[in-house]
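Coordinates in review
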Amino acid sequence: MASSVDFSRVRKAVIPAAGWGTRFLPATKASPKEMLPVVDKPTIQYVVEEAAHSGLDDILIVTGRTKRAIEDHFDRSTELEAVLSAKGRAELLELVEGISRIAELHFVRQKEQLGLGHAVLCARHHVGDRPFAVLLGDDIIDSVEPVTAQLLSLAAAEGCGVVALERHTGPEISRYGVVSGRPLREGVFSIEGLVEKPPAEKAPSQLAVMGRYVLPPSVFELLEQTAPGVGGEIQITDALDRLAREDRLLGLEYEGRRYDIGDKHGWMVANIELMLKHPTLGPPLRDYLRGHPATR
Ligand code: G1P
């Protein structure tokens, strides 16, 4: 079955942000991991900005219990705006007001945490019968062209779904969904199958799926039919395995540097590297890292 979906005008993005954040306990006990700050913004703001800068102006965030701070962050804060305005803090006022204007945001709650595939399924009603993008809420990818825009270009050119891939040569491959497939050209793969978190020695390739996807609406039907997999959870990877086998799915080795914010080390590396790139915060941090005894 070849898909006849028009991938040239994708407008909607789904950002699942309903996971427990177990790798970052105790910080994530009562606060969403997606609200962990990186430099001066919560992680999820980077993800929402990536979607918006990729031309996606309708963004649905799938949240759950303990995630209310995410909605508050993207809402107007009239009291704070009044205080900043009264104090003449125009720059901060613009910063705060700007957050609620990034894109048109919608929220839906995943009532039971049944897995990433189930979280995406919660977006079915909102997305309808058009293709859409999925951006995982705890990965930041720093790149010149937003990674989602890179996937969207390929999806539009090829008329099929695309997932982001990153090559991993070490045992950490077992933390990811892994694809099997054949190269079509530099950085582009025709995916033949996917497996979620295989033991490293059984991984079908070194190509791991990263948290960005452009998908046809038919994936919802596949998700409906997907039984719980690894960890007893409904896995998007299992639905995509069927999509790859029954329709067509490409993988793109994207250009960019990914940070896994759900991981304590990944979060710290993101803070250091992205702060070093910051025009005013970068230089003093560089001096500190070079000169302070604690950093040797
Ligand atoms: C999820 C997906 C996995 C993917 C990973 C990328 O796993 O299930 O296929 O490789 O994101 O970050 P999680 O990190 O939620 O366990």
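For the structure given in this document, a descriptive report is provided here. (Residues numbered from 1 in each chain as written. Predicted model: local features only at pLDDT ≥ 70, side-chain atom pairs only at ≥ 80, totals over all residues. Heavy atoms only, no water.)

1. Brief notes about the overall build of the protein chain
Each helix and strand in the protein chain was counted, giving 11 helices and 13 strands. At 20 Å, the protein chain has a C-alpha radius of gyration in line with the 19 Å of a compact globule built from 296 residues. Seen along its three principal axes, the alpha-carbon backbone of the protein chain occupies a region of about 60 × 45 × 35 Å. With 296 residues in all, the protein chain has 48% of them scored as buried. The contacts of the protein chain with a sequence gap of at least 6 include a subset with a gap of at least 24, amounting to 75%. (Helix = DSSP H or I, 4+ residues; strand = E, 2+ residues; numbered from the N terminus. Rg over C-alpha atoms; globule rule 2.2 N^0.38 Å. Buried < 20%, exposed > 50% of the residue type's maximum accessible area, 1.4 Å probe, protein only. Contact = heavy atoms within 4.5 Å.)

2. Points about the layout of surface pockets
Estimated volume of the largest pocket: approximately 980 Å³. Taken together, 36 residues form the lining of the largest pocket, with Arg 23, Lys 33, Leu 116, Asp 138 and Lys 197 sitting closest to its centre. A per-element tally of the lining of the largest pocket places strand β11 (residues 207-215) first, with four residues. For the lining of the largest pocket, the per-class residue count stands at 12 nonpolar, 13 polar and 11 charged. (1 Å grid on protein atoms, 1.4 Å probe; cavity = no way out; pocket = protein on both sides within 12 Å on 5 of 7 lines; lining within 4 Å. Points joined across faces, edges and corners; volume = space filled by probe spheres on them. Nonpolar A, V, L, I, M, F, W, Y, C, P; charged D, E, K, R; others polar.)

3. Things to note about the environment of Asp 129
Summarising the element assignment, Asp 129 is placed in the loop between α6 (124-127) and β6 (132-135). Look at Asp 129 and you get exposed, because its relative accessible area is 64%. Along the sequence, Asp 129 and Arg 65 sit 64 residues apart, while their C-alpha atoms lie 28 Å from each other.

4. Side note on the pairing of strand β10 (residues 188-196)
Within β10, seven of the nine residues are buried, which leaves the element mostly enclosed by the surrounding structure. Across eight bridges, strand β9 (residues 177-185) lies against β10 in antiparallel orientation. When the sheet's bridge partners are listed, Arg 182 is paired in β10 with Ser 190. If you look at the hairpin formed by β9 and β10, you'll find two residues sitting between the two strands, and Gly 187 has a positive phi there, around 80 degrees. (Pairing = 2+ DSSP bridges.)

5. A closer look at unusual backbone geometry
The omega torsion across Leu 25 and Pro 26 is 5 degrees, close enough to zero to call that bond cis. By the secondary structure assignment, Pro 26 is in the loop between β1 (12-16) and β2 (37-38). Phi is positive for Val 39, close to 60 degrees, though the residue is something other than glycine. Mapped onto the fold, Val 39 is located in the loop between β2 and β3 (41-42). The class for Val 39 is buried, based on a relative accessible area of 18%. One non-glycine residue, Lys 197, adopts positive backbone phi at about 45 degrees. Along the chain, Lys 197 falls in the loop between β10 and β11.

6. A word on the site of the ligand
Contacts to the ligand come from Leu 116, Leu 136, Asp 139, Tyr 176, Gly 177, Glu 196, Lys 197, Val 209, Gly 211, Gln 235, Thr 237 and Arg 258. The side chain of Glu 196 places a nitrogen or oxygen atom 2.7 Å from an oxygen atom of the ligand. Relative to its free-state accessible area of 380 Å², the ligand is covered by the protein chains to the extent of 79%. At a threshold of 2 Å from the grid points, most atoms of the ligand map onto the largest pocket. (Near = heavy atom within 4 Å. Polar contact = N/O pair within 3.5 Å; in protein donor to acceptor, adjacent residues only side chain to side chain. Areas by Shrake-Rupley, 256 points an atom, 1.4 Å probe, with all protein chains shown as cover. Sits in = over half its atoms within 2 Å of the grid points.)

7. Description of the packing of helix α10 (residues 264-276) against helix α11 (residues 282-291)
Interaxial distance between α10 and α11 falls to 7 Å at its minimum, and their mutual angle equals 120 degrees. On the basis of the axis angle, α10 is oblique to α11. Between α10 and α11, the residues in contact are Ile 272, Met 275 and Leu 276 and Gly 282, Leu 285, Arg 286 and Leu 289, respectively. Here the residues of the contact of α10 with α11 are counted per class, giving five nonpolar, one polar and one charged. (Axes fitted to C-alpha atoms, helices over the stretch in contact; angles between N-to-C directions. Parallel < 35°, antiparallel > 145°, perpendicular 65-115°, else oblique.)

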